[in-house]
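# Working through the structure, step by step
Read off the chains here:
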Amino acid sequence: MCATFKNGDRVFKPRSIVEAMGRAGDVSAVWAGFARSEILGWWKRQGALELDVQATEFAERSDTTGELVWGTVPAGLVLRAVLDSRGTTPLLKVVTREATGAELTVYGHPRMPVLEPPLHAARD
């Protein structure tokens, strides 16, 4: 599910303020949970906007050991997130997908963050 992630030396956990890029530019929002990729269409119908979150590493908490297992975000990919604006304060939700068998063996968790090429160009 992505228990935490890093962007360089900065560490982000749920309830952290996360900076992301959306179609209208930079976004800062509290990381407040997860959005399953299997229902991404539902999130979009609710008005959620897809975001790019820069990250260099992510960690899953193993269901077996309880330990964080770290992985690298490949160059050129970002964490996918959505901005949920249904409430009074917009909230960021990291998009997750079902782990493959190999990922389940390595990370010990049934969900993984969605890592994809950016949808939005960074602005200088």
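Read on for an overview of the structure. (Residues numbered from 1 in each chain as written. Predicted model: local features only at pLDDT ≥ 70, side-chain atom pairs only at ≥ 80, totals over all residues. Heavy atoms only, no water.)

## Notes on the overall build of the protein
- Of regular secondary structure, the protein possesses two helices and 11 strands.
- Element order for the protein, N to C, with α for helix and β for strand: β-β-β-β-α-β-β-β-β-β-α-β-β.
- Rg of the C-alpha trace for the protein: 14 Å, near the compact-globule value of 14 Å for 124 residues, within the 12% margin.
- For the protein, the C-alpha atoms occupy an extent of roughly 40 × 30 × 25 Å along the three principal directions.
- Taking all 124 residues of the protein together, 42% fall into the buried category.
- Looking at the protein as shown, the accessible area adds up to about 6900 Å², and 53% of this sits on carbon and sulfur atoms.
- Side chains of the protein give 15 positive and 15 negative charges; the mean places of these two sets differ by 6 Å. (Helix = DSSP H or I, 4+ residues; strand = E, 2+ residues; numbered from the N terminus. Rg over C-alpha atoms; globule rule 2.2 N^0.38 Å. Buried < 20%, exposed > 50% of the residue type's maximum accessible area, 1.4 Å probe, protein only. Areas by Shrake-Rupley, 256 points an atom, 1.4 Å probe, with all protein chains shown as cover. Lys, Arg positive; Asp, Glu negative; His and termini not counted. Charge placed at Lys NZ, Arg CZ, Asp CG, Glu CD.)

## Topic: the packing of aromatic side chains
- Summed over all chains, the structure comprises five aromatic pairs.
- Summarising the aromatic geometry, the rings of Phe5 and Trp31 are spaced 5.4 Å apart at their centres and angled 45° between planes, so their arrangement reads as tilted. A residue pair is termed long-range when its members are at least 10 positions apart, and Phe5 in strand 1 (residues 4–7) and Trp31 in strand 4 (residues 25–36) qualify at 26 residues. For the residue pair Phe5 and Trp31, the accessibility class agrees, reading buried in each case.
- Among the aromatic residues, those joined into a ring-pair cluster are Phe5, Phe12, Trp31 and Phe34.
- The lysine or arginine in question, Lys6, covers the ring of Trp70, its NZ or CZ lying 4.7 Å from the ring centre. (Phe/Tyr/Trp six-rings, centres within 6.5 Å; stacked < 30°, edge-to-face > 60°. Lys NZ or Arg CZ within 6 Å of the ring centre and 35° of its normal.)

## Digging into the sheet that holds strand 6 (residues 57–61)
- An order of 2-1-6-7 is seen for the four strands of this open sheet, with the pairing classed as antiparallel. Each edge of the sheet is formed by a strand with only one pairing partner; in this case those strands are strand 2 (10–12) and strand 7 (68–72). This sheet shows a mean twist of 20° between the axes of neighbouring strands, independent of strand direction.
- Bridge analysis of strand 1 against strand 6 gives three bridges, and the strand direction is antiparallel. Counted as the bridge partner of Lys6 is Glu57 from strand 6. (Pairing = 2+ DSSP bridges. Axes fitted to C-alpha atoms, helices over the stretch in contact; angles between N-to-C directions.)

## Side note on the pattern of salt bridges
- Using the criterion set out here, one finds eight salt bridges in the structure.
- With a shortest N-O distance of 3.1 Å, Lys44 and Glu50 are connected by a salt bridge.
- Residue Asp84 is joined to Arg86 by a salt bridge in which the shortest nitrogen-to-oxygen separation is 2.8 Å. (Salt bridge = Lys/Arg side-chain N within 4 Å of Asp/Glu carboxyl O.)

## A closer look at the nonpolar core
- Of all hydrophobic cores here, the largest spans 22 residues; its most connected members are Phe5, Trp31, Val53 and Leu92.
- For this core, the secondary-structure elements that each account for two or more residues are strand 3 (17–22), strand 4, strand 5 (49–53), strand 8 (78–84) and strand 9 (91–98).
- In contact with Trp31, not counting residues within four places along its chain, are Cys2, Ala3, Thr4, Phe5, Phe12, Lys13, Pro14, Arg15, Ser16, Val18, Leu92 and Val94. (Core = buried A, V, L, I, M, F, W, Y, C linked by side-chain atoms within 4.5 Å. Contact = heavy atoms within 4.5 Å.)

## Points about the side chain of Arg111
- Along the chain, Arg111 falls in strand 10 (residues 111–113).
- In terms of polar contacts, Arg111 uses its side chain to reach the backbone carbonyl oxygen of Thr96, at 3.0 Å. (Polar contact = N/O pair within 3.5 Å; in protein donor to acceptor, adjacent residues only side chain to side chain.)

Honestly, it's all geometry; don't read function into it.
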